[in-house]
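One letter stands for each residue in the lines below.
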Amino acid sequence: MAVVTYEVKNQVGYVTLNRPDVLNCFNYETLSVLQGIVDEIYIDREIRAVIFMGAGEKAFSAGADLKERRTLTDSEVRRNVKKIREVFSSVESLPQPTIAALNGYAFGGGFELALACDFRYSVEGTKMGLTETSLGIIPGAGGTQRLPRLIGTAKAMELVLTARKLSSEEAHEYGILNGVIKRDALLPTCENLAFEICRNAPVAVQQAKFAVREGMNVDRHTGMAIESKAYEVTIPTKDRLEALNAFAEKRKPEFKGE
């Protein structure tokens, strides 16, 4: 059985962590397979949005596979931490918008994967958080950097140092989640967002994402320069002209990502 599954429907990529018997935890094999899938998505111009999910109904991912960790040498632990950091950075760097559909627990690395995505929706009544300090370690896959940028330093520091487990409702109040959804509506909600994004010009969507992501890490003046360069990429595209023609002809544009 594949530890991660991947399929494409209607220009949306569906990536599913597929180890439900161990709450979709990350062992080295899972990380390696996930990296390959993310690399494949990165170069696929037909994919316009990506949804990350966990198999089963208990967990999105409970983080690192602690059973495997107990068998690893210090060097192997460093290898795994380096790998998970690289994989999640690759997810964050995808040009396509990414959506995390949290169908259950999201702890440690599972929560960090969600933080690497652009949008996060969760089922009602589940739990999530960066619990690493309760295990004698710290978040090692970007959690200490992404969470403060999302909700502010003081709130993030409180959650990291206490290893607090948030309910999905609390996470929404913190601004971590875009929404809390009934279980049977989780995937349709994520798909509706993906399809809404897919209706727009792919190059424009990707450049807008790039401008927002990169601009958040610099001062506003530099951010404005990033936005200007991103805008320049859209000017020579056929999709920009298609949008103008469609407006004049009172029809919906047909964007091709060109």
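For the structure, check the block above.
Note that residues are indexed from 1 along each chain, following the sequence as it is written. It should be noted that, the model being predicted, local features are given only for residues of pLDDT at least 70 and side-chain atom pairs only at 80 or more, the latter also being counted only at that level, while totals for whole chains, interfaces and linings use all residues. No hydrogens and no water enter the side-chain calculation; it runs on all heavy atoms of the structure.

Asker: Please explain the overall build of the chain as it appears in this structure.
Answerer: Note on conventions: DSSP H or I runs of at least 4 residues are helices, E runs of at least 2 residues are strands, and numbering of each starts at the N terminus. Helix and strand content of the chain: 11 helices and 10 strands. On C-alpha atoms alone, the chain measures out to a radius of gyration of 19 Å, which is about the 18 Å that the 2.2 N^0.38 rule sets for 258 residues. When the backbone C-alpha atoms are referred to their principal axes, the chain occupies close to 65 × 45 × 35 Å. Here's how the labels work: a residue is buried when its accessible area is under 20% of the maximum for its type, exposed when over 50%, partly exposed in between, all with a 1.4 Å probe on protein chains only. When burial is assessed residue by residue, the chain has 46% of its 258 residues classed as buried. It only takes one pair of heavy atoms within 4.5 Å for two residues to be counted as in contact. Expressed as a percentage of contacts within the chain between residues at least 6 apart in sequence, the contacts between residues at least 24 apart total 68%. Entry remark: accessible area of the chain is about 13,700 Å², with carbon and sulfur atoms responsible for 54%. We count Lys and Arg on the positive side and Asp and Glu on the negative side, and we leave His and both chain ends out. Here the site of a charge means NZ on Lys, CZ on Arg, CG on Asp, or CD on Glu. Each charge class in the chain was averaged separately, 33 positive and 34 negative side chains, and the resulting centres sit 2 Å apart. For a compact globule the rule gives 2.2 Å times the number of residues to the power 0.38, and the radius of gyration it is set against comes from C-alpha atoms. For every accessible area listed, the method is Shrake-Rupley and the probe measures 1.4 Å; residues are considered covered only by the protein chains on display.

Asker: Sorry if this is basic, but what is going on with the state of the cysteines here?
Answerer: Disulfides are covalent bonds that link the sulfur atoms of two cysteine residues. For this text, the term disulfide refers to a pair of cysteine sulfurs within 2.5 Å. Taken as a whole and judged by the stated rule, the model has zero disulfides. No disulfide involves Cys25; its nearest neighbouring cysteine sulfur is the one of Cys117, lying 17 Å away. No disulfide involves Cys190; its sulfur sits 9.9 Å from the nearest other cysteine sulfur, which is in Cys117. Relative accessible area serves as the criterion here: at 0%, Cys190 is assigned to the buried category.

Asker: When you look at the packing of aromatic side chains in this model, what are you seeing that I'm missing?
Answerer: Within a pair of aromatic rings, the relevant descriptors are the distance that separates the centres and the angle that separates the planes. The criterion for an aromatic pair is that two Phe, Tyr or Trp rings (for Trp, the six-membered ring) have centres within 6.5 Å, with stacked assigned to planes under 30 degrees apart, edge-to-face to planes over 60 apart and tilted to the rest. For the structure shown, the criterion picks out two aromatic pairs. Taking the centre distance of 5.5 Å and the plane angle of 70 degrees together, the rings of Phe26 and Phe88 count as edge-to-face. Of this pair, Phe26 sits in the loop between β2 (12–17) and α1 (28–43) while Phe88 sits in helix α3 (residues 74–92), and the two are 62 residues apart along the sequence. Per residue, the accessibility class of Phe26 equals that of Phe88, and both read buried.

Asker: How should the sheet that holds strand β10 (residues 179–181) be read in this particular structure?
Answerer: Pairing between the strands of a sheet is mediated by backbone hydrogen bonds and can be parallel or antiparallel. Spatially, six strands are ordered β1-β2-β3-β5-β7-β10 in an open sheet, and the strand pairing comes out mixed. Each edge of the open sheet carries a strand with a single partner, namely β1 (4–9) and β10. Across this sheet, the average inter-strand angle for adjacent strands is 20 degrees, counted without regard to direction. When strand β3 (residues 49–54) meets strand β5 (residues 98–102), the two strands line up parallel, connected through three bridges. If you follow Phe52 over to β5, its bridge partner there is Ala100. For helices, the fitted line uses only the C-alpha atoms of the stretch in contact; every axis is such a line through C-alpha atoms, and the angle between N-to-C directions lies from 0 to 180 degrees. Of the strands in this sheet, β1, β2 and β3 touch α1, which is tilted by about 20 degrees from β1. Here the rule is simple: two strands pair whenever DSSP picks up at least two bridges between them.

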